[in-house]
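# Structure assessment
The primary structure of each chain is shown beneath.
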Amino acid sequence: MLTDNFFFRRNLPHWQPLGVPFFLTYRLAGTLPGNVINELEKKRQQLQALPRNPEYSEKQWRIRIEKQLFALWDGQLDKDTNIQWLADPRIATIVRDNLYHHAGTKYCLWAYVIMPNHVHVLLKPDEVWEKRFEVDGSGRAQYEKGPLAAILHSLRSYTAHEANKILGRTGKFWQREAYDHWVRDNAEFERIIYYIENNPVKAGLVSPSEDWRFSSAYD
């Protein structure tokens, strides 16, 4: 059975650059039906089969394809209305409050949006807190022991428990896989903030972005 591991990683990448911002996305368990995942997998294969534009290095070309895949995936999430637990203001409030609870200690929070079935976040791990984790000779922290994995755990474990209590359910609340992308430069940083805060507008939920209650644009 195909999964969406091609851009949502069950195991985070083996290393993270220290001291850089990250764009993170995590979604509700059970979102995106199998046929959609299969179509995205076909699209991934098509994109990866394209000849590389010589204007881009191998790394740049790979990142470019990843961004196209992410845009396709996120568009499908915006259309998926089967599971929308985060549309409940009580649950969205828990997720938002938890984001702010860890801001200033574990990370600097730059932007976020809580959509009906997924969350986008732009943050930078706190440098002091980040130094608690082991690094190898290149100065790169192992993700399994590193700050980003710990941050994701903090963002999802408590919120899953509290949300399930409200819903009167048990079982998995968040999909285990999570997307991560470290920000390369200031221009990309600004584009990601716009992307995050404009997501409710793109999904046809509000206009302008400041009207979406659970977002940094509203705050």
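Here the residue index of a chain counts from 1 through its sequence in written order. pLDDT decides what is reported in this predicted model: residues at 70 or higher carry local features, side-chain atom pairs at 80 or more are listed and counted, and totals for whole chains, interfaces and linings draw on all residues regardless. The side-chain values count all of the structure's non-hydrogen atoms but skip hydrogen atoms and water molecules.

For the rest of this paragraph, the subject is the sheet that holds strand E6 (residues 179-182). For sheets, the rule is that strands pair by backbone hydrogen bonds, running either parallel or antiparallel. Should DSSP find at least two bridges between two strands, the strands are taken to pair. What counts as a helix is a DSSP run of H or I of at least four residues, what counts as a strand is a run of E of at least two, and both are numbered from the N terminus. Here 4 strands make up an open sheet; going across it, the order is E3-E4-E2-E6 and the pairing antiparallel. Every other strand in the sheet has two partners, leaving strand E3 (107-114) and E6 as the edge strands with one partner each. Between one strand axis and the next, the sheet turns by 15° as a mean value, whatever way the strands run. Where strand E2 (residues 22-27) lies against strand E4 (residues 118-125), 6 bridges are found, and the strand directions are antiparallel. When the sheet's bridge partners are listed, threonine 25 is paired in E4 with histidine 120. When checking whether two residues touch, look at their non-hydrogen atoms; a contact exists if any pair is within 4.5 Å. Each axis is a line fitted through C-alpha atoms, and for a helix only the stretch in contact is used; angles between axes span 0 to 180 degrees, taken between their N-to-C directions. Of the strands in this sheet, E2, E4 and E6 are in contact with helix H2 (residues 58-79), which crosses E6 at around 140°. Its contacts with the sheet put helix H3 (residues 89-102) on E2, E3 and E4, and the angle it makes with E3 is roughly 165°.

For the rest of this paragraph, the subject is the pattern of salt bridges. Think of a salt bridge as a Lys or Arg side-chain nitrogen and an Asp or Glu carboxyl oxygen that are within 4 Å of each other. Applying the stated criterion to the full structure yields 9 salt bridges. Arginine 52 serves as the salt-bridge partner of glutamate 58, at 3.3 Å between the closest nitrogen and oxygen. For aspartate 78, the salt bridge identified is with lysine 202, shortest N-O distance 2.8 Å. Pair noted here: aspartate 78 is in helix H2 and lysine 202 is in helix H6 (residues 186-202), with a separation of 124 residues, a long-range link.

The criterion for an aromatic pair is that two Phe, Tyr or Trp rings (for Trp, the six-membered ring) have centres within 6.5 Å, with stacked assigned to planes under 30 degrees apart, edge-to-face to planes over 60 apart and tilted to the rest. Throughout the structure, instances matching the rule amount to 12 aromatic pairs. Centroid distance tyrosine 26 to tryptophan 174: 4.9 Å. Interplanar angle 70°. Geometry classified as edge-to-face. With tyrosine 26 in strand E2 and tryptophan 174 in the loop between helix H5 (147-167) and E6, this residue pair connects regions lying 148 residues apart in the sequence. For the pair tyrosine 26 and tryptophan 174, one class covers both residues: buried. Aromatic side chains tyrosine 56 and tryptophan 61 sit 5.8 Å apart centroid to centroid with 45° between the ring planes, which places their arrangement in the tilted category. Type-normalised accessible area, obtained with a 1.4 Å probe on protein chains alone, sets the label of each residue: buried when under 20%, exposed when over 50%, and partly exposed for intermediate values. Taking the relative accessible area as the measure of exposure, tyrosine 56 reaches 24% and is therefore partly exposed. Note on tryptophan 61: relative accessible area 14%, which makes it buried. One aromatic cluster is present, built from ring pairs that chain together Phe23, Phe70, Trp73, Tyr179 and Tyr195. Whether a charge lies above a ring is judged from NZ of Lys or CZ of Arg, which has to be within 6 Å of the ring centre and within 35 degrees of the ring normal. A cation sits over an aromatic face here: arginine 184 above tryptophan 182, 3.9 Å from the ring centre.

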